[in-house]
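# Fold and geometry: a report
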Amino acid sequence: MRLFLPETAGAEDELRRKFALYVLGAMVSPTTMTGLKPSFIHAVKDVNRMRACNCAKLTLLFLHNGVRMYK
């Protein structure tokens, strides 16, 4: 039934981008900033390449950079 969502072309990719941005900003590499890092936007530009993202490596790099900046 398409009465409520007549124009849904691309909506699935948009939902994936928004969810990935939420996960990156809130769970993988949270900061005290209210916005997102510009590198996160570039990471979700191509939905097909998001599957190749290694979140564990991204988290490790984020923690490593935070410790290095703290010292």
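The shown structure was predicted, so the numbers you read here are calculated from the model rather than taken from an experiment. (Residues numbered from 1 in each chain as written. Predicted model: local features only at pLDDT ≥ 70, side-chain atom pairs only at ≥ 80, totals over all residues. Heavy atoms only, no water.)

### Here we look at a nonpolar patch on the surface
Convention followed: Patch members must show over 30% relative accessible area and no salt bridge, and they are joined within 9 Å when carrying like charges or within 5 Å when they are nonpolar side chains of Val, Leu, Ile, Met, Phe, Trp or Tyr. Only the protein chains shown count as cover for residues, with accessible areas throughout obtained via the Shrake-Rupley method and a probe of 1.4 Å. Each salt bridge in this description consists of a side-chain nitrogen of Lys or Arg and a carboxyl oxygen of Asp or Glu lying within 4 Å of one another. Put simply, DSSP marks the helices as runs of H or I at least four residues long and the strands as runs of E at least two long, and each gets a number from the N terminus on.
Nonpolar side chains collect at one region of the surface, where Phe 19, Tyr 22 and Met 27 lie side by side and expose about 380 Å² of accessible area between them. Looking at the element boundaries, Met 27 is found in helix H1 (residues 11-28).

### Looking at the confidence of the model for the protein chain
Heads up, the condition is: pLDDT expresses how confident the predictor is about each individual residue, on a scale running from 0 to 100.
Predicted confidence across the protein chain gives a mean pLDDT of 77, with 87% of residues reaching 70 or more. Within the protein chain, no element has a lower average pLDDT than helix H2 (residues 38-43), which sits at 75, and none a higher one than helix H3 (residues 55-70), at 84.

### Things to note about the pattern of salt bridges
To keep it simple, the criterion reads: The cut-offs for exposure are 20% and 50% of the maximum accessible area for each residue type, with area from a 1.4 Å probe on protein chains only; residues under the lower value are buried, those over the upper are exposed, and the others partly exposed.
As enumerated under the stated definition, the model contains three salt bridges in all. Measuring nitrogen to oxygen at the nearest pair gives 2.7 Å for the salt bridge that ties Arg 16 to Glu 12. Here Glu 12 and Arg 16 lie together in helix H1, a separation of four residues that amounts to about one turn. Judged by relative accessible area, which is 34%, Arg 16 ranks as partly exposed. Classification of Glu 12 by relative accessible area gives exposed; the value is 52%. In this structure, Asp 13 and Arg 16 form a salt bridge, with 3.9 Å as the shortest nitrogen-oxygen distance. Taken together, the positions of Asp 13 and Arg 16, both in helix H1 and three residues apart, correspond to about one turn of that helix. On the basis of relative accessible area, Asp 13 is assigned to the partly exposed category, the value being 31%. Through salt bridges that share partners, Glu 12, Asp 13 and Arg 16 make up one connected network.

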